[in-house]
2 protein chains.
Amino acid sequence: MSEPFTSPIKTVQEIPELRTLIQSQRKQDASIGFVPTMGALHAGHVSLIEAAREECDFVVVSIFVNPTQFGPNEDFDSYPRLLAQDLEKCQTAGADLVWVPTTDIMYPPHFSTYVEVKTLSEILEGATRTNHFQGVTTIVTKLLLSCLPDKAFFGAKDYQQQAIIRQMCLDLNIPVEIKTCPTVRDADGLALSSRNTYLSETERESALSLSHALNLAKEKIQAGETNLSHIKTEMQRLLTTTPLVKLDYATIVDAQTLEEIETPHPKMVALVAAFVGTTRLIDNCTLN
Amino acid sequence: MSEPFTSPIKTVQEIPELRTLIQSQRKQDASIGFVPTMGALHAGHVSLIEAAREECDFVVVSIFVNPTQFGPNEDFDSYPRLLAQDLEKCQTAGADLVWVPTTDIMYPPHFSTYVEVKTLSEILEGATRTNHFQGVTTIVTKLLLSCLPDKAFFGAKDYQQQAIIRQMCLDLNIPVEIKTCPTVRDADGLALSSRNTYLSETERESALSLSHALNLAKEKIQAGETNLSHIKTEMQRLLTTTPLVKLDYATIVDAQTLEEIETPHPKMVALVAAFVGTTRLIDNCTLN
């Protein structure tokens, strides 16, 4: 029952079988790279798999739409599930093995353990999406401890997520190196997201306001602006005046602590989040 | 700075050095046994090290008095610290390596991640000792992920603790087998505990009421008593009528869920907790 898919690439469902396959690679001194995903793979995911291929001997991709990181009014049911084409993309990008666990495997009866990163999980995305990061940190712990990779690859687009996962691995002594790869964008600047498929044509046009707001911040900093409040206000004005956009936040934070900053800082990041129609999008860029 | 102790047994402080030592054993196909302790070792701990010695090729003991599992009014400061004699006991019992991390190593600045097992952590000990089990599950995760042993050994005396740790390892896919070893008792029946050293002579006499209450339950069950409420009441009466004893709970629960039960069950455990003077003691026995 462990290979239910007809696919061009080796797939596995159960954790003991996954471990056996990884273990046999380890015995041959292969380094293990791991790319956890929720499927609906786009060029951003592909770039993570390619980075893993570049740096590691054996590349494992997981595909699992994790229910515990979706809120009750969020898009768990409608989240795109495109397994056949995802497997093809994994193969083309150079993965060696795709792990596709079921929900019952990840959350068996009596499951009751949660991993939580305080403070970092409570702000920004965490302020709007209650328990989202607890769902993320719990599943990422489970995925990492099932694979025990040398390196795991995450996208910079989910900036807060990768910061939280770094803190978590450090705090819990999870023996893995976290690699954060650059955000991949469409030609017009829109950050790739599996949720972009929800956007209508006019919404997609409005969604460009997120990257425009970030570019505005970058240009202001490059032009020598030191009044960060002023920049944040301009980012917010750009977003609030775009049709179909409902701003959540547009801010500038310390790259490590994610605390909002008022004066320029050697390592700072601009972060934006907004609904475009009914689709929630996020984006960010470093400002140094 | 990693071996600050003059000791008869190899000790290590830093996690990277610990990992290097364990890794070199793994390369030789040695199985790794791990016994996490808070030091102040007694014959109960020694039995865990001996069990690890019996079952594994390389035995690691950790000694760390974990601050996060003590409440603000508990005995963290006065908890016995007896490193020199602990190291001797480790050596005699057959340990290969003793890991003695500092608090700064386990909880560096900005530490903010916690592991929590819901439900099981909220009852019995958890009802009285707020956040105790969150401290335990967080540190045990850290210890296990630093060592990555094949087997880890815990004492049955802390019955709820080992049940919670089993659930946590299952839920988080921590790749370790949890072994629970029998409670070791003094000749008069008192379960060994590092906290027994706090007891005066008269308190120690009163402390025997815990094992007496458990024996009473065992005898009643063996005699065919099926009214568990009746047995619990008798256990409670025995404890509340003993001088110097302040009962917390004396109950009979399902061995897995730790839920209180009213009718006999194939797998049940009697659990008691009480202050004797100012010292909080626990004990338990299976009833089948």
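The rules behind the values
- Residues numbered from 1 in each chain as written.
- Chains lettered and ligands numbered in written order.
- Predicted model: local features only at pLDDT ≥ 70, side-chain atom pairs only at ≥ 80, totals over all residues.
- Heavy atoms only, no water.
- UniProt positions renumbered as here; feature names shortened; annotations may be inferred.
- Salt bridge = Lys/Arg side-chain N within 4 Å of Asp/Glu carboxyl O.
- Helix = DSSP H or I, 4+ residues; strand = E, 2+ residues; numbered from the N terminus.
- Buried < 20%, exposed > 50% of the residue type's maximum accessible area, 1.4 Å probe, protein only.
- Pairing = 2+ DSSP bridges.
- Contact = heavy atoms within 4.5 Å.
- Polar contact = N/O pair within 3.5 Å; in protein donor to acceptor, adjacent residues only side chain to side chain.
- Phe/Tyr/Trp six-rings, centres within 6.5 Å; stacked < 30°, edge-to-face > 60°.
- Expected span 1.5 Å × (residues − 1).
- Domains from an automatic or database assignment.
- Buried area = accessible area lost by both parts, 1.4 Å probe.

- The name an unreviewed UniProt entry assigns to chain A is Pantothenate synthetase, from the organism Gimesia aquarii.
- The record held by UniProt for chain A lists under Subcellular location (unreviewed entry) the comment "Cytoplasm".
- In its Catalytic activity (unreviewed entry) section, UniProt records this for chain A: "(R)-pantoate + beta-alanine + ATP = (R)-pantothenate + AMP + diphosphate + H(+)".

1. What to know about the pattern of salt bridges
Thought 1: This model, assessed by the stated rule, comprises 34 salt bridges over all chains.
Thought 2: With its nearest N and O atoms 2.6 Å apart, the salt bridge here joins R129(B) to E74(B). Of this pair, R129(B) sits in the loop between α5 (125-128) and α6 (132-147) while E74(B) sits in the loop between β3 (58-63) and α3 (83-93), placing them 55 residues apart in sequence.
Thought 3: By relative accessible area, which is 30% here, E74(B) ends up partly exposed.
Thought 4: Note that D75(B) is salt-bridged to R195(B), the shortest N-O span being 2.8 Å. Note that D75(B) is positioned in the loop between β3 and α3 and R195(B) in the loop between β7 (177-181) and α8 (201-222), a separation of 120 residues in sequence.
Thought 5: For R195(B), a relative accessible area of 17% translates into the label buried.
Thought 6: Residues joined in a network through salt bridges with shared partners are E55(A), K151(A), E177(A) and K179(A).

2. What to know about the pairing of strand β9 (residues 268-276) of chain B
All names here are of chain B.
Thought 1: In terms of burial, β9 is a largely internal element, 8 of the 9 residues being buried.
Thought 2: Sheet topology places β9 next to strand β10 (residues 279-286); 8 bridges connect them, and they run antiparallel. Paired with V269 across the bridge in β10 is T286.

3. Things to note about the UniProt feature "binding site: (R)-pantoate" (unreviewed entry) in chain A
Residues and elements named next belong to chain A.
Thought 1: The UniProt record annotates "binding site: (R)-pantoate" (unreviewed entry) at Q69 and Q161. Across 93 residues in sequence, these annotated residues keep their C-alpha atoms within 11.5 Å of one another, forming a single compact spot.
Thought 2: When near neighbours in sequence (up to four residues on either side) are disregarded, Q69 contacts M38, E74, R129, H132, G135, V136 and I139.
Thought 3: Reaching out from Q69, the side chain makes a polar contact with the side chain of N66 at a distance of 2.9 Å.
Thought 4: Relative to the assigned elements, Q161 resides in helix α7 (residues 159-172).
Thought 5: Taking the relative accessible area as the measure of exposure, Q161 reaches 18% and is therefore buried.
Thought 6: For Q161, the contacting residues outside a window of four places in its chain are F133, V136 and F154.

4. What about the packing of aromatic side chains?
Thought 1: Overall, the coordinates contain 10 aromatic pairs over all chains when judged by the stated rule.
Thought 2: For the ring pair F70(A) and Y79(A), a centre distance of 5.7 Å and an interplane angle of 75° mean the geometry is edge-to-face. For the pair shown, F70(A) and Y79(A) are each scored as buried.
Thought 3: Ring centres of F111(B) and Y114(B) lie 5.7 Å apart, and the angle between their planes is 85°; on these two criteria the pair is classed as edge-to-face.
Thought 4: Residue Y114(B) is classed as partly exposed on the basis of its relative accessible area, which comes to 22%.

5. Here's the deal with helix α6 (residues 132-147) of chain A
Thought 1: End to end, α6(A) covers 23 Å across 16 residues, agreeing with the expected 22 Å (1.5 Å per residue, within 8%).
Thought 2: Counting buried positions over the 16 residues of α6(A) gives 16, a clear majority of the element.

6. Examining the domain arrangement of chain A
All names here are of chain A.
Thought 1: Under the domain assignment used here, chain A contains domain 1 (11-181) and domain 2 (194-286).
Thought 2: With 21 residues of domain 1 at the interface, the matching set in domain 2 holds 17 residues.
Thought 3: Interface area for domain 1 against domain 2, summed over the two sides, is near 1,600 Å², with a carbon-plus-sulfur share of 54%.
Thought 4: For the domain 1 face of the interface with domain 2, the top three residues by lost area are L124, E125 and Y159, together amounting to 39%.
Thought 5: Where domain 1 touches domain 2, the interface holds 2 salt bridges.

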